[in-house]
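Coordinate inspection notes
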Amino acid sequence: MNKQKVAKYFGWKLVRFIVLMIAVAIFSFVLLDLSPIDPVNAYLHGAAVSETQRQILYQYFGTNVPLPDKIFNWLMDLLQGNLGISLIYRRPVIEVIIDKFMASLALMAISWILSGVIGFALGVVAGKNKGSWIDKVVKVYCYAIQSAPSFWVGMLVLMVFSVYLGWFPIGFGVPIGVSSTDATFIEWATRLVLPTLALSLVGLAPIAMYTRNELIQVLSSDYVLFAKSRGEKGWDLVKNHGIRNILLPAITLQFLSFSELFGGAVMIEQVFSYPGIGQTAVAAGLQNDVPLFLGIVVISAIFVFVGNLLADISYYFIDPRIKENEFND
Amino acid sequence: MDKLLDVENVSISFIQYTRGLNQRDLKVITDLTLDISEGEILAVLGSSGSGKSLFAHAIFGILPENARLDGKIKFKGKELSQEDKEEIRGKNIVLVPQSVNFLDPLMKISDIAIGHCETEDEKKAMKIKQREIFEHYNLGPEVDDMYPFQLSGGMARRVLVSTALLADPDLVVADEPTPGLDEKTVQETLNHFKHMKEDGIGVLLITHDIHAALEVADRIGIFYSGYVIEIALKEDFSGDGENLLHPYTKSLYKALPANGFEVVKGYQPLHGEIIKGCPFYDRCDMRFDRCKKEKPELIDVGNNKKVRCFKYEEGA
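Along each chain, numbering runs from 1 in the same order as the chain's sequence is written. Here every chain gets a letter starting at A, and every ligand a number starting at 1, in the order they are written. Where local features are concerned, this predicted model is filtered to residues with pLDDT of at least 70; where side-chain atom pairs are given and counted, the filter is 80 or more; whole-chain, interface and lining totals use all residues. The side-chain values count all of the structure's non-hydrogen atoms but skip hydrogen atoms and water molecules.

Digging into the overall build of chain B
Counted only if it meets this: In DSSP terms, a helix is any run of H or I states spanning at least four residues, a strand is any run of E spanning at least two, and both are numbered starting from the N terminus. Our radius of gyration is a C-alpha quantity, and the globule rule it is checked against amounts to 2.2 Å times the number of residues to the power 0.38. Residue exposure (1.4 Å probe, protein chains only): buried if accessible area is under 20% of the type maximum, exposed if over 50%, otherwise partly exposed. In this description, contact between two residues means that some pair of their heavy atoms is separated by no more than 4.5 Å. Accessibility throughout is a Shrake-Rupley quantity obtained with a 1.4 Å probe, and a residue counts as covered only by protein chains that appear here. By the counting rule applied here, Lys and Arg register as positive and Asp and Glu as negative, while His and the ends of each chain are not counted. For this purpose, a charge sits on NZ of Lys, CZ of Arg, CG of Asp or CD of Glu.
Looking only at helices and strands, one finds 10 helices and 12 strands in chain B. Relative to the globule expectation of 20 Å for 316 residues, the C-alpha radius of gyration of chain B, 21 Å, shows essentially globular dimensions. Reported as C-alpha extents along the three principal axes, the dimensions of chain B are approximately 65 × 50 × 40 Å. The buried share among the 316 residues of chain B stands at 52%. A separation of at least 24 residues holds for 63% of the contacts in chain B among residues at least 6 apart in sequence. Accessible area of chain B: about 14,900 Å², with a carbon and sulfur share of 49%. A distance of 6 Å separates the average location of the 40 positive side-chain charges in chain B from that of its 53 negative side-chain charges.

Structural data, given as structure tokens:
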């Protein structure tokens, strides 16, 4: 592998990224333009204004500009990093998103890691002991969770741990009446536990199920048969041949789950009233905050793209076959 | 003296679901009997898909979960239980698998060859030994760091054979070691087995390649439709095949291009077809009434030869 090849590889990824972003930006803009949302009404929040003032506002928001021009202006602004002003928060969209995203990041990152690690471990244990009671427990759990909506799981967690047991506060990012800058770490952390738990409980099911099936398949493969015929057995066998061969698809799946993580966060934040990007997206959608909504769409597209890119890069470090080939094409 | 490996009436069947929840036993191997002495090469010759590989797996106790194994497999006179197999596999008996698919795709060749070691010292010692054996098989140091997908067909074959020798085995079971290889590599592979034989190792060569079998084997077991129907000496496959006993073996020999190219009509009964009499009855030109109703047993005709045919029974 040389530097030139790596540069070429990332160059191509960058081109793809730019094409993707332009497509996402145009499509989401056109869709919102076609929707019955009226930015002026959204801005006014039902306040009474005269017809002339209304016309001035239409002028200001540029609702009468032809669609191609609107798209062009939107792309140009996007290029300069200007996502407009949020109608709800009356602050630049980019600031709002960064603010909310940071709050969600802790939630998403911790549950991403937890669901990945625990899911993988459960999958390995279940797959190795196929047919045993522990396998059955894992399987039943995964099927149940995968067929349950995540907000429902969130509500269950909330009921059990906050309402009945009273171990954790019932919601919000910080205690009521305390500004987020004044809250102590403990106050913040205790409120993070339940949303994270709910999101992890949901997120680990697909990875556990997938790992289990992959491991069962690998354990019945020719190369594991051969390893067995050479006297390897038990956990050593799983460790030497199983884990290595299932790690790659598992990691890919985990990075690809960035999109589901985002979707899950929307639900869970709503249930726990956690002030993150998910709840902001819902608010922007419900209150017709077009600039904020478009901004979140763009950011989430970047987020998912980064997830996939990380998956691609992780191949390189784990799979020698790709190490030899990927950077050559 | 006890034989190195003594296989008596081994059968392997699978539980198969037919319609709904109805099960049936699908017999893949019905009656397999053979034996191997130290320093002997015995070839088991049978058509593709006849279950020969399953037999190899049965010796190592690595059959799939839904398979049922009956009969006796004795190693040095001791009947092997599943635990015994797990104990001696990789030490006293080793497998030379069919293809590069049997190598872990994500491991370096030298790590695969060395296998699992308990301690670092053991690993170091094995590494030295592995290097020696690889060198012997003309595999340079660069091969150690390769991955299975980087090996050529011939190299893969040599790697598979050399993994067998890392363990100082008494018995090597080689499962289809020759298909898909060019003439030279086949020759080379067969020579490896000859060298093993010279070192006193017993070799069970499972193959459908009659030329390969005739080239190296001392004796050849003919596998037909789940049965071993004859165990013949290599020397019997000569002239007009007049020393071969079973009619199928004779026709097999005559079907070779050099010996007339005559093909016997019909097909081998498939797995699961239940046959009352001799499995070769339909195609046999020496059959008589009894062959249709009764199954012949494998009879010892002396000189280490066996045949499953009523014609050779005493008084027949």
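Section: the side chain of B:Glu40
Residue and element names in this part refer to chain B. So the rule is basically this: For this analysis, a polar contact is any N or O atom pair within 3.5 Å, provided that within protein one partner can donate a hydrogen and the other can accept it, and provided that sequence-adjacent residues contribute only side-chain to side-chain pairs.
Locating Glu 40 in the fold gives a position in the loop between strand E2 (23-36) and strand E3 (41-45). Taking the relative accessible area as the measure of exposure, Glu 40 reaches 9% and is therefore buried. Here Ser 37 takes part through its backbone nitrogen, which lies 2.9 Å from a polar atom of the side chain of Glu 40.

Topic: a nonpolar patch on the surface
Residues and elements named next belong to chain A. Applicable threshold: Patch membership requires more than 30% relative accessible area and the absence of a salt bridge. Residues of like charge join within 9 Å; the nonpolar side chains Val, Leu, Ile, Met, Phe, Trp and Tyr join within 5 Å. Think of a salt bridge as a Lys or Arg side-chain nitrogen and an Asp or Glu carboxyl oxygen that are within 4 Å of each other.
A contiguous nonpolar surface patch, about 1,200 Å² in accessible area, is contributed by Phe 151, Trp 152, Met 155, Leu 156, Met 159, Val 160, Val 163, Tyr 164, Leu 165, Trp 167, Ile 170 and Met 267. A total of eight residues in the nonpolar patch trace back to one element, the largest contributor, which is helix H7 (residues 150-164). You can see Tyr 164 is positioned in helix H7. Overall, the relative accessible area of 60% leaves Tyr 164 in the exposed class.

A short note on the interface of chain B and chain A
Many authors give the size of an interface as the accessible area that is lost as the parts come together. Quick note on the threshold: Note on definitions: buried area is the accessible-area loss of two parts on being combined, 1.4 Å probe, summed for both.
Contacts between the two partners involve 25 residues from chain B and, on the opposite side, 20 residues from chain A. When chain B packs against chain A, close to 2,200 Å² is buried across both sides, 61% of that on carbon and sulfur atoms. The three residues of chain B that bury the most area against chain A are B:Phe102, B:Leu106 and B:His116, which together make up 30% of that side's buried surface. The interface formed by chain B and chain A includes zero salt bridges.

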